[in-house]
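Coordinate inspection notes
As a plain string of letters, each chain reads:
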Amino acid sequence: MKKMRGTQFQYPFFRQLGYWVWAIMLLMALIFYRERAFFMDAGFQLFNLINEGTIQIYHHRFVTGIPQILPWLLLKLGAPLRVLAMSFSASYILFYLLVYHLLVRYLKNDLLGWTLIFLFTLISFDTFYHIQSEFYLGLSLLLLSFGLVLKWPEMKEVRHLSILLALLVAVGFSHKLSLIFFVFLWLFFGLTFNALRHWRYVVLLGAFLAVAAFKSAFFTNWYEAAKQGEFQSNLEHFFPNLLDIPANLVFLKRCVQYYYLLPILLLSVSVFYFLNKKWLKLGLVWVFTPGYLMLYNISDPQAQYRFYSEVTYLPLTIFVAVPFLFDVLPEVISRWPSLEKRVLPLLFAALMLLRLGTIAGNHRTFERQFSWIEAQLKRSGSHRFLMKKEVAPMDTVMMEWGVPFTAMHLSALASPDSAKTLLILPDFDWYEDKMERTDVFFSPFHKVLEKKDLNPGYYNPPDGRYLLLE
């Protein structure tokens, strides 16, 4: 009887399909490089990387430096902006592809490999284009960490423990919410595999808690402190009526429109655990899924920006994908072994085609913003423009703070001398005494860059004053 053995599929088709998924995503990253590398945080980070000539790391989340190595090297070689942007876009996919390769090739764990694929495909809609999130990078390394644990469950080898500790430090510093997913995976695999029920596995939990506590105590900066303050304020405002938070209904609507596979998998896993009387795992899924969702909705009670909230919604996939791949699927295959060879390959392939096609089609959301920005930049009179937020179509602009950097990238693709910028704000009072200058770039963060601060090989706009667009 053929069935899944351990953490691998019996047939190599699934591993090969995984590589094809990453190959297609890499191709998409190159085709849609503008939408990925010039949008919001990525555009800001690429802009600073080019002008400062150094890898950009913010909020002590040093894992974000890894995908920047390739574009940084190309910058040192003098590659044009288009090549830098393409490499910046592709580097993130290459990072995840490397993690997938390590999981399925060296750690022999197809199931965690497909967890990684599901993480970036099942409910991804905007997140493929909003690439710059240390959270994604940290979660990828978290899956790799548990790949090591499941490969060597006795956890006795010093070299394995050394690698594991380094990974956990990177994960712990990537994002505070990573702790939730570590605890979920630690509990789930502890319940699943008897080989992990020893004191060293408990020490593993203690080690990560220590990393998270150390990071929180000594490396919480102004940004994270502000987020914590917002969370506390929102909690006080809505408590005890947490179900009245508007984001709850927004999320349900988005599940119908965009994230439909999440409730489908959640229902499948729940029914499976209920019928098999696996109450601990059923409880695990239903504590972490709505609990994590409520935590985020408290922090962002309006969920106004779909692309922004999806960054935090995306990891919900782990709470359903891991139980589905490690419990539901093996049970189904053990009862109907022929499914693994005849039906599942078609289902997996069809699912990936559906999701990749959906993700590719959504590039229009970001292309609309870019087209609007380019249209404003074509208005004559200056290379530097201002626009009041009340005038801008915010359903197209989305978040205004990233527009100056996006505009510089888009306009500088043709030539450094064609670089232009557009700043959108409610008012420009802070910049009033600088309006007469002709050699400056206004950052939305109350910062002024002089021409000498820009890398002339990439951004060299002619001198001129800022012009207000009506």
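Whatever comes next refers back to the structure up there.
Here we summarise the structure given alongside this text. Position numbers for residues count from 1 along each chain, tracking the sequence in the order it is written. In keeping with the model being predicted, local features are shown solely for residues with a pLDDT of at least 70 and side-chain atom pairs are shown and tallied solely at 80 or more, while totals for entire chains, interfaces and linings include all residues. To get the side-chain values, all heavy atoms of the structure are used, and hydrogens and water are removed first.

1. Focus: the overall build of the protein chain
- On a plain count of helices and strands, the protein chain comes out with 21 helices and five strands.
- Against the globule reference of 23 Å for 470 residues, the protein chain gives a C-alpha radius of gyration of 24 Å, in line with a compact fold.
- With the principal axes as the frame, the protein chain shows a C-alpha extent of 75 × 50 × 45 Å.
- Residues counted as buried form 55% of the 470 residues belonging to the protein chain.
- Any pair of residues with heavy atoms lying within 4.5 Å of one another is described as a contacting pair. The long-range fraction of contacts in the protein chain, counting pairs at least 24 apart against all pairs at least 6 apart in sequence, stands at 77%.
- Summing over all exposed atoms, the protein chain offers an accessible surface of approximately 20500 Å²; the carbon and sulfur share of this is 64%.
- In this tally Asp and Glu are treated as negative and Lys and Arg as positive; neither His nor the chain ends contributes. Working definition for charges: the position is that of NZ of Lys, CZ of Arg, CG of Asp or CD of Glu. Positive and negative charge centroids in the protein chain, built from 43 and 33 side chains respectively, lie 14 Å apart. Here a strand is any run of E in DSSP of at least two residues, a helix any run of H or I of at least four, and the numbering for each starts at the N terminus. Each radius of gyration is computed over the set of C-alpha atoms, and the globule rule expresses the reference value as 2.2 Å times the number of residues to the power 0.38. The cut-offs for exposure are 20% and 50% of the maximum accessible area for each residue type, with area from a 1.4 Å probe on protein chains only; residues under the lower value are buried, those over the upper are exposed, and the others partly exposed. To be clear on the numbers: accessible area is Shrake-Rupley with a 1.4 Å probe, and residue cover counts the displayed protein chains and nothing else.

2. Here we look at a nonpolar patch on the surface
- Patch definition: residues with relative accessible area over 30% and no salt bridge; like charges joined within 9 Å; nonpolar side chains (Val, Leu, Ile, Met, Phe, Trp, Tyr) joined within 5 Å. Throughout this description, the term salt bridge denotes a Lys or Arg side-chain nitrogen within 4 Å of a carboxyl oxygen of Asp or Glu. Residues Ile55, Ile57, Phe62, Ile66, Ile69 and Leu73 make up a contiguous nonpolar surface patch of about 480 Å² in total accessible area.
- Residue classification places Ile55 among the partly exposed positions, given a relative accessible area of 30%.

3. With respect to the packing of aromatic side chains
- Aromatic rings from Phe, Tyr and Trp, with only the six-membered ring used for Trp, were paired whenever their centres fell within 6.5 Å, and each pair was classed as stacked if the ring planes differed by under 30 degrees, edge-to-face if by over 60, and tilted otherwise. Using the criterion set out here, one finds 64 aromatic pairs in the structure.
- An angle of 80 degrees between the planes, with centres 5.7 Å apart, marks the rings of Phe13 and Phe14 as edge-to-face.
- Overall, the relative accessible area of 33% leaves Phe13 in the partly exposed class.
- Seen from their ring centres, Phe146 and Phe189 are 5.6 Å apart, and the 40 degrees between their planes marks the pair as tilted. Within this pair, whereas Phe146 is found in helix α7 (residues 134–151), its partner Phe189 is found in helix α9 (residues 178–192), the two being separated by 43 residues in sequence.
- On the basis of relative accessible area, Phe189 is assigned to the buried category, the value being 0%.

4. Here we look at the sheet that holds strand β2 (residues 421–425)
- Spatial ordering of the open sheet is given by β2-β1-β5, a layout of three strands whose pairing is parallel. Each edge of the sheet is formed by a strand with only one pairing partner; in this case those strands are β2 and β5 (467–469). Averaged over all pairs of adjacent strands, the angle between their axes in this sheet comes to 30 degrees, without regard to strand direction.
- A strand pair is defined by DSSP finding two or more bridges across the two strands. In this sheet, β2 lies alongside strand β1 (residues 384–388) in parallel orientation, the contact comprising five bridges. Directly across from Arg384, in β2, lies its bridge partner Thr421.
- Only the contacting stretch of a helix is used when fitting its axis, a line to C-alpha atoms as for every element, and angles between N-to-C directions run 0 to 180 degrees. Along the sheet, helix α19 (residues 363–377) makes contact with β1, β2 and β5, crossing β2 at roughly 110 degrees.

5. Observations concerning unusual backbone geometry
- Here the residue pair Phe239 and Pro240 is connected by a cis peptide bond, since its omega of 5 degrees sits within 30 degrees of zero.
- Tracing the chain through its elements places Pro240 in the loop between α11 (222–238) and α12 (246–257).
- Located in the positive-phi region is Ala303, a residue other than glycine, with phi close to 45 degrees.

6. So, the layout of surface pockets
- Space inside the largest pocket adds up to approximately 1800 Å³.
- Each cavity reported here is a set of points on a 1 Å grid over the protein atoms alone in which a 1.4 Å probe fits but cannot get out, each pocket an open set with protein on both sides within 12 Å along at least five of seven lines, and each lining residue one with an atom within 4 Å of a point. Together, 45 residues line the largest pocket, and Arg61, His175, Tyr223, Lys227 and Tyr308 are the ones closest to its centre.
- Every element with two or more residues in the lining of the largest pocket is listed here: α3 (40–52), α7, α9, α10 (199–218), α11, α14 (279–299) and α15 (306–313).
- Top contributing element to the lining of the largest pocket by residue count: α11, with eight residues. Grid points are joined across faces, edges and corners, and a volume is the space filled by probe spheres set on the points.

7. Here's the deal with the environment of Tyr201
- Looking at the secondary structure, you find Tyr201 in helix α10.
- Since its relative accessible area comes to 3%, Tyr201 is described here as buried.
- Considered as a pair, Tyr201 and Pro153 are 48 residues apart in the sequence and their alpha carbons are 8.4 Å apart.
- Throughout this description, a polar contact denotes any pair of N or O atoms lying within 3.5 Å of each other; where both atoms belong to protein, one of them has to be capable of donating a hydrogen while the other can accept it, and for residues adjacent in sequence the pair is counted only when both atoms sit in side chains. At 2.7 Å, the side chain of Tyr201 and the backbone oxygen of Trp186 are in polar contact.

8. Focus on the pattern of salt bridges
- Per the counting criterion, the structure on display carries 15 salt bridges.
- Two residues, Asp433 and Lys434, come together in a salt bridge whose shortest N-O distance is 2.8 Å.
- Given the relative accessible area of 63%, Asp433 is considered exposed.
- Among the ionic pairs, Glu436 bridges to Arg465, the shortest N-O distance being 3.2 Å.

9. As for the nonpolar core
- In this description, a nonpolar core means a group of buried Ala, Val, Leu, Ile, Met, Phe, Trp, Tyr and Cys residues linked to one another through side-chain atoms lying within 4.5 Å. One finds Trp114, Phe189, Phe348, Leu422 and Tyr459 to be the most contacted residues of the largest nonpolar core, which totals 163 residues.
- Apart from residues lying up to four places away in sequence, Phe189 is in contact with Leu112, Phe146, Leu150, Leu196, Tyr201, Val322 and Phe326.

10. Some words on helix α13 (residues 261–275)
- Given the number of residues in a helix, its expected span is that number minus one, multiplied by 1.5 Å. With 15 residues, α13 extends 21 Å between its outermost C-alpha atoms, agreeing within 8% with the 21 Å of an ideal straight helix rising 1.5 Å per residue.
- Those residues of α13 not exposed but buried are Leu261, Leu262, Leu265, Leu266, Val269, Ser270, Phe272 and Tyr273. In an axial view of α13, the angular spread of the buried residues amounts to 160 degrees, which keeps them on one side of the axis. With respect to the buried face of α13, the exposed residues turned more than 90 degrees away are Leu267, Phe274 and Leu275.
- Buried-residue contacts for α13 involve α9, α12, α14, α16 (316–335) and α18 (344–361).
- Looking at the residues trailing α13, positive phi occurs at Lys277, about 55 degrees. For this quantity, the arc is that covered by the directions from the helix axis to the C-beta atoms.

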